[in-house]
Amino acid sequence: MNLKNNSRFWNLYSCRVFNDKDLINIGKALMLTNSPTLGVIGSTKSGAMAYPHFFFDYLRQGETFGKALLLYLKFFALEYGGPEAYFDKKGYNGGLVFNGDPTLDFHGCARPN
């Protein structure tokens, strides 16, 4: 997919933007509006993406959004609590989700700063 200049990707540093108890939430609203949003990362619980520069480093290296998030979560699990922390619902990063096409990348586009 060719990402146009007005396409958007949102990394919402805010608690519970994908709270599944709400019929509509900020994360869903961004995807369902007529805006050119291609993807949203947010949390289902208290917490958000700590140290997002690690995630953006993976995108700069050419990884897709889905692979970059997976690598980011694995990095944090191994660095901060072992493999069991990867799916720890109590952990700060435990509730992160990506809503969008995980195969998107920045191929042929400006990389994130």
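Residues numbered from 1 in each chain as written. Predicted model: local features only at pLDDT ≥ 70, side-chain atom pairs only at ≥ 80, totals over all residues. Heavy atoms only, no water.

Here we take up the overall build of the protein chain. Looking only at helices and strands, one finds 3 helices and 3 strands in the protein chain. From first element to last, N terminus to C terminus, the protein chain shows the α and β order β-α-β-α-α-β. The buried share among the 113 residues of the protein chain stands at 36%. Contacts in the protein chain between residues at least 24 apart in sequence constitute 68% of all its contacts with a sequence separation of at least 6. Within the structure as shown, the protein chain displays about 7000 Å² of accessible surface, and the carbon and sulfur contribution to it stands at 56%. (Helix = DSSP H or I, 4+ residues; strand = E, 2+ residues; numbered from the N terminus. Buried < 20%, exposed > 50% of the residue type's maximum accessible area, 1.4 Å probe, protein only. Contact = heavy atoms within 4.5 Å. Areas by Shrake-Rupley, 256 points an atom, 1.4 Å probe, with all protein chains shown as cover.)

Of note, Thr-37 is situated in strand β2 (residues 37-43). For Thr-37, a relative accessible area of 10% translates into the label buried. A distance of 3.2 Å separates the side chain of Thr-37 from the side chain of Trp-10, its partner in a polar contact. Residues within four places of Thr-37 in sequence aside, it is in contact with Arg-8, Trp-10, Leu-30 and Met-31. (Polar contact = N/O pair within 3.5 Å; in protein donor to acceptor, adjacent residues only side chain to side chain.)

This brings us to the nonpolar core. Proteins that are soluble and globular tend to have nonpolar side chains buried together. If you look at the biggest cluster of nonpolar residues, it comprises 17 residues, and the most contacted ones within it are Phe-55, Leu-69 and Tyr-72. Only α2 (53-60), α3 (65-79) and β3 (96-100) provide two or more residues apiece to this core. Broken down by element, the residue count for this core peaks at 6 residues, all from α3. Contact partners of Leu-69, with chain neighbours within four places excluded, come to Ile-41, Met-49, Phe-55, Leu-96, Val-97 and Phe-98. By size, the runner-up hydrophobic cluster in this structure holds 5 residues, among which are Leu-12, Val-17, Leu-30 and Val-40. (Core = buried A, V, L, I, M, F, W, Y, C linked by side-chain atoms within 4.5 Å.)

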